[in-house]
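# Structural description and commentary
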Amino acid sequence: MGITYQIMKRACMTFLSMGLMFVFPLNLKSQTSNLNSNSNLKSQTSNLNSTKEKGIASYYGKRATGRMTSSGERLHHDSLTCAHKRHPFGTLLRVYNPHNKRVVVVKVNDRGPFGRGRIVDLSWSAARELGILRRGIAPVEVTVFDPNRDGPIPPRDSIPPVQY
């Protein structure tokens, strides 16, 4: 009985694998295109680096301080950090508020925002420097910040205080 069971098991596995081949035929072209798409990863990353996104920014309230982000860091309201859907963790983003012409450079350490039309969730401190605390949201332009191309990160003291 043991040998018969092993033969039946092997026959079933062979039949199943052949059946799966007919249902899901192997397409070597798609596998090679996957390899090519991996080589295109650099071009996709450079596309992210060169694009300017326009949309709505919101911010984390102070109550979110201490919560874990997707990157594993803890959120603190005094840090200049943000959440973005696509940029890798650690990417520096330049966020520009066209209404008051303020700029802040933030580091991506979380994923989101998931609200309609939102492109970035800022920390409380970054939102304060952009002057969006009162309204809660604001239209912004987001680009990747490259210190080699854009110069050093502007000091926090160079941004004028918010008038309430």
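Rules behind the numbers
Residues numbered from 1 in each chain as written. Predicted model: local features only at pLDDT ≥ 70, side-chain atom pairs only at ≥ 80, totals over all residues. Heavy atoms only, no water. Pairing = 2+ DSSP bridges. Helix = DSSP H or I, 4+ residues; strand = E, 2+ residues; numbered from the N terminus. Axes fitted to C-alpha atoms, helices over the stretch in contact; angles between N-to-C directions. Buried < 20%, exposed > 50% of the residue type's maximum accessible area, 1.4 Å probe, protein only. pLDDT = per-residue confidence, 0-100. Contact = heavy atoms within 4.5 Å. Core = buried A, V, L, I, M, F, W, Y, C linked by side-chain atoms within 4.5 Å. Salt bridge = Lys/Arg side-chain N within 4 Å of Asp/Glu carboxyl O.

### Some words on the sheet that holds strand β3 (residues 92–97)
- Spatially, β1-β5-β2-β4-β3-β6 is the arrangement adopted by the six strands of the closed barrel, whose pairing is mixed. Going across the sheet, the axis of each strand differs from the next one's by a mean of 45°, ignoring polarity.
- As judged from the four bridges shared by strand β1 (residues 53–59) and strand β5 (residues 118–122), these two strands associate in the parallel manner. Bridged to tyrosine 59 within β5 is leucine 122.

### Quick look at unusual backbone geometry
- Residue glycine 112 is joined to proline 113 through a cis peptide bond whose omega torsion reads -5°.
- Assignment of secondary structure puts proline 113 in the loop between β4 (102–110) and β5.
- Phi is positive for lysine 101, close to 60°, though the residue is something other than glycine.
- Within the secondary structure, lysine 101 sits in the loop between β3 and β4.
- Given a relative accessible area of 60%, lysine 101 falls into the exposed group.

### As for the confidence of the model for the chain
- On average, residues of the chain score 78 in pLDDT, and 64% of them reach the 70 mark or higher.
- Scored below 50 in pLDDT, residues 20–45 shows one contact in the model against residues more than four places distant or in partner chains.

### Focus: the pairing of β4
- Taking burial as the measure, the nine residues of β4 include seven buried ones, the bulk of the element.
- Sheet analysis places strand β2 (residues 81–83) next to β4, joined by three bridges and oriented parallel. In the strand pairing of β4, threonine 81 is matched with lysine 107.
- Bridging between β3 and β4 involves six bridges; their strand directions are antiparallel. The residue bridging valine 95 from the neighbouring strand is valine 104, located in β4.
- Counting the residues that bridge the hairpin from β3 to β4 gives four residues, and of these lysine 101 lies at a positive phi of roughly 60°.

### A look at the nonpolar core
- Residues Val95, Val106, Val120, Leu122 and Val140 are the most contacted members of the largest nonpolar core, which totals 21 residues.
- For this core, the secondary-structure elements that each account for two or more residues are β3, β4, β5, α4 (124–130) and β6 (138–144).
- Those residues in contact with leucine 122, other than ones at most four positions away along the chain, are Ala57, Ser58, Tyr59, Tyr60, Thr81, Cys82, Val95, Val106, Ala127, Leu130 and Ile132.

### Notes on the pattern of salt bridges
- Scanning all chains against the criterion turns up five salt bridges.
- A salt bridge links lysine 52 to glutamate 141; the shortest N-O distance between them is 3.7 Å. Note that lysine 52 is positioned in the loop between α3 (41–50) and β1 and glutamate 141 in strand β6, a separation of 89 residues in sequence.
- Between lysine 107 and glutamate 73 there is a salt bridge, with its nearest N and O atoms 3.3 Å apart. A residue pair is termed long-range when its members are at least 10 positions apart, and lysine 107 in strand β4 and glutamate 73 in the loop between β1 and β2 qualify at 34 residues.
- Take glutamate 73: its relative accessible area is 32%, and that puts it in the partly exposed class.
- Taken together, the shared-partner salt bridges in this structure form one network comprising Lys52, Lys54 and Glu141.

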